[in-house]
Amino acid sequence: MKLLTYSFRWLTILFLFVALQAQSQNMETYKYPPSEVVTIYSKVLNEDRKVFVHCPKLDSADLNKRFPVLYLMPGEHHFEPLLARYVDYLSRPDVSAMPEIILIGISNTKRTRDLTPTNSLINYDGKPDSSSYKLSGGNGNFLQFMETELIPQIEKNYKTGPYKIFAGHS
């Protein structure tokens, strides 16, 4: 009985070693491309904007391939390592849950200004509050920055396709 238990333990250890070795070899097969951080000066917003860019690995068989683009706000949260790695994983050929995409994370500098369409002088409780929301209502300028500065810069420097998504959360 002791010999059987002893043999079973060694067999289990051997099995785990082989499984871990196979998993590490499989992980080495997929070298995920790194993300980059680009600073874009916006004339419209009169400020620098930090933008996180994550592109799929180019296939040497199709160097002209173009990719859809997902513009994400806020870019400074969840972009790296979480979302960029999810996109890489879900678009791998062996998973194939989504197409390969270029992921653009846009950092926030003045959230209240950029994400509100009109100026507000009341707070969440409906009470007058001129200090917190003094800069609110700049959404038009932010959208102009996206349309005339950010998207053209991304399209100029990366292999973008015609399909674009703008997403965010609060």
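Right above here is the structure, for reference.
Calculation rules
Within each chain, residues carry numbers counting from 1 in the order of the written sequence. The predicted origin of the model limits local features to residues at a pLDDT of at least 70 and limits the giving and counting of side-chain atom pairs to 80 or more, whereas totals for whole chains, interfaces and linings rest on all residues. Heavy atoms throughout the structure, all of them, feed into the side-chain values; hydrogens and water do not. Strands here are runs of E lasting at least two residues and helices are runs of H or I lasting at least four, both read from the DSSP assignment and numbered beginning at the N terminus. A 1.4 Å probe rolled over the protein chains alone gives each residue an accessible area, and that area as a share of the maximum for its type sets the label: buried under 20%, exposed over 50%, partly exposed in between. Any two residues having at least one pair of non-hydrogen atoms within 4.5 Å are treated as being in contact. To be clear on the numbers: accessible area is Shrake-Rupley with a 1.4 Å probe, and residue cover counts the displayed protein chains and nothing else. Here a strand pair is declared whenever DSSP counts at least two bridges between the two strands. Here an axis means a line fitted to C-alpha atoms, over the contact stretch when the element is a helix, while the angle between two N-to-C directions is reported on a 0 to 180 degree scale. A patch is a set of surface residues, each over 30% in relative accessible area and not in a salt bridge, joined within 9 Å for like charges and within 5 Å for the nonpolar side chains Val, Leu, Ile, Met, Phe, Trp and Tyr. One speaks of a salt bridge when a side-chain nitrogen belonging to Lys or Arg is within 4 Å of a carboxyl oxygen belonging to Asp or Glu. To qualify as a nonpolar core, a set must consist of buried Ala, Val, Leu, Ile, Met, Phe, Trp, Tyr and Cys residues joined through side-chain atoms within 4.5 Å.

Enquirer: What is the right way to look at the overall build of the protein in this model?
Expert: Within the protein one finds 4 helices and 5 strands. Each helix and strand of the protein, placed in order from N terminus to C terminus, yields the pattern α-β-β-β-α-β-α-α-β. Within the protein, the proportion of its 170 residues that are buried is 30%. Counting only contacts in the protein whose residues sit at least 6 apart along the sequence, the fraction spanning at least 24 positions is 69%. A total accessible area of about 11,600 Å² is found for the protein, and carbon and sulfur atoms account for 60% of it.

Enquirer: Even after reading the chapter, I still don't get the sheet that holds strand β1 (residues 36-42), so can you show me in this structure?
Expert: Backbone hydrogen bonds hold the strands of a sheet together, and the pairing may be parallel or antiparallel. The 5 strands are arranged β1-β2-β4-β3-β5 in an open sheet whose pairing can be described as mixed. Where the open sheet ends on each side, the last strands, each with one partner, are β1 and β5 (160-168). On average, each strand axis in the sheet is inclined to that of its neighbour by 25°, with strand direction left out of account. Where strand β3 (residues 67-73) meets β5, 6 bridges bridge the pair, whose relative direction is parallel. Bridge pairing links Y71 to F166 in β5. Against the sheet, helix α4 (residues 139-157) makes contact with β1, β2 (47-54), β3, β4 (102-106) and β5, and its axis sits at roughly 140° relative to β5, the strand it touches most.

Enquirer: In this structure, what is going on with the pairing of β4? I would like to understand it.
Expert: Here is the key point about a regular strand: its side chains alternate between the two faces of the sheet. β4 sits mainly inside the fold: 5 of its 5 residues count as buried. Because side chains alternate across β4, one face comprises the buried residues I102, I104 and I106, and the other comprises L103 and G105, equally buried. Where β3 lies against β4, 4 bridges are found, and the strand directions are parallel. Among the inter-strand pairings, L70 is bridged to a residue of β4, identified as L103.

Enquirer: I tried to follow the side chain of N108 on my own but got confused; where do I start?
Expert: Within the element layout of this structure, N108 appears in the loop between β4 and α3 (111-114). A relative accessible area of 16% places N108 in the buried class.

Enquirer: Which parts of the structure should I look at to understand a nonpolar patch on the surface?
Expert: A cluster of nonpolar side chains, contributed by L82, Y86, Y89 and L90, occupies part of the molecular surface with about 370 Å² of accessible area. In this fold, Y89 is placed in helix α2 (residues 79-90).

Enquirer: I would appreciate a short explanation of the nonpolar core in the present structure.
Expert: A general tendency of soluble globular proteins is for nonpolar side chains to be buried together. If you look at the biggest cluster of nonpolar residues, it comprises 18 residues, and the most contacted ones within it are Y71, I104, I106 and L150. Broken down by secondary-structure element, the contributors of at least two residues to this core are β2, β3, β4 and α4. When residues of this core are assigned to their parent elements, the largest contribution, 6 residues, is made by α4. Setting aside anything within four residues of it in sequence, one finds L150 in contact with I40, V51, Y71, I106 and F145. The next biggest cluster of nonpolar side chains, apart from the first, holds 7 residues, and it includes A84, V87, I101 and L103.

Enquirer: For this particular structure, what's the right way to read unusual backbone geometry?
Expert: Note: most peptide bonds trans; most residues except glycine with negative phi. Residue M73 is joined to P74 through a cis peptide bond whose omega torsion reads -15°. Structurally, P74 can be placed in the loop between β3 and α2. Unlike most non-glycine residues, S96 shows phi in positive territory, near 50°. Here S96 lies in the loop between α2 and β4.

Enquirer: Help me understand the pattern of salt bridges, please; the structure alone is not making it clear to me.
Expert: Where side chains of opposite charge bring their charged atoms close, a pairing between them can arise. With the rule as written, the count across this model stands at 9 salt bridges. Here R49 and D114 are joined by a salt bridge, their closest N and O atoms 2.3 Å apart. With a gap of 65 residues between them, R49 in strand β2 and D114 in helix α3 connect regions that are remote in the sequence. Here R92 and D94 are joined by a salt bridge, their closest N and O atoms 2.6 Å apart. One salt-bridge network, held together by shared partners, links E47, R49, K110, R113 and D114.

That is the geometry; function is a separate question.
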